[in-house]
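In case you want the letters, here they are:
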Amino acid sequence: MITDAQGIPLAVLLTAANVNDVTQLQALVEAIPPVRGKPGRPRRRPELVQGDRGYSSEAHRRWLRAHHIRPLLAKVGTPHGSGLGATRWVVERTLAWLHHFRRLRVRWERRDDIHYAFLKIGCALIALSFLQKGLC
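Definitions and limits used
Residues numbered from 1 in each chain as written. Predicted model: local features only at pLDDT ≥ 70, side-chain atom pairs only at ≥ 80, totals over all residues. Heavy atoms only, no water. Helix = DSSP H or I, 4+ residues; strand = E, 2+ residues; numbered from the N terminus. Rg over C-alpha atoms; globule rule 2.2 N^0.38 Å. Buried < 20%, exposed > 50% of the residue type's maximum accessible area, 1.4 Å probe, protein only. Contact = heavy atoms within 4.5 Å. Areas by Shrake-Rupley, 256 points an atom, 1.4 Å probe, with all protein chains shown as cover. Lys, Arg positive; Asp, Glu negative; His and termini not counted. Charge placed at Lys NZ, Arg CZ, Asp CG, Glu CD. Polar contact = N/O pair within 3.5 Å; in protein donor to acceptor, adjacent residues only side chain to side chain.

Caption draft 1: Seen up close, the overall build of the protein chain. Within the protein chain one finds five helices and four strands. Seen in sequence order, the protein chain has helices and strands lined up from the N terminus as β-β-α-β-α-β-α-α-α. Computed over the C-alpha atoms, the radius of gyration of the protein chain is 16 Å, within 12% of the 14 Å expected from 2.2 N^0.38 for a compact globule of 136 residues. Once the C-alpha set of the protein chain is aligned to its principal axes, its extents read approximately 40 × 40 × 25 Å. Looking at the protein chain as a whole, 28% of its 136 residues qualify as buried. In the protein chain, 46% of the contacts between residues at least 6 apart in sequence involve partners at least 24 apart. With the model as given, the accessible surface of the protein chain reaches about 9,500 Å², and the carbon-plus-sulfur share is 56%. For the protein chain, the separation between the mean place of its 22 positive charges and that of its 10 negative charges on side chains is 4 Å.

If you want it as C-alpha cells, here you go:
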C-alpha cells in the first residue's frame, strides 16, 4: 500500500504472503491514479517517497530520481532515529484501519480477485471517511 501524508490510500496491490515488499515499490508508484480537481494537467506522481530500511536500494533511488521523485529512504547500516518513524506510522495506521474490516483481517476467500475487490472497497471507505470529515 502507498498512502499520502494523511494516510489516504493512493494505491494498493495484492501479493502472496511470502513476497518481499521491496519488490513492489515500482509497481505501487506506477499504480497511483491521476489526482484531479485542480486546474491544469492531473498530477500522476508524488513529489517524494518515504520508506524504511527494507526499501534501501540504490537501484530504487535511481528509478525514483529518473521519474522526478525525491527518494527519502532510510539507509541500511545507519543508526535508528533517522526521523522516518515519525511519518511511517501513517502507513501503519492505515493498515490498522483496513484490519477493522473483518473480511480483510483474515483472508477467507480462496480467489485473489475477490479478496482484492474487498481490499479496494476498504480503501475506498477509508477515503470516503476522510471526505466526510473534510480532512482532505
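Structure shown, so let's carry the discussion forward.
Caption draft 2: Fine view of the side chain of E109. Topologically, E109 is positioned in the loop between α4 (102-105) and α5 (112-133). Within the structure, E109 has its side chain in polar contact with the side chain of R103 (distance 2.5 Å). Not counting the four nearest positions on each side in its chain, E109 is found in contact with R103, I114, H115 and F118.

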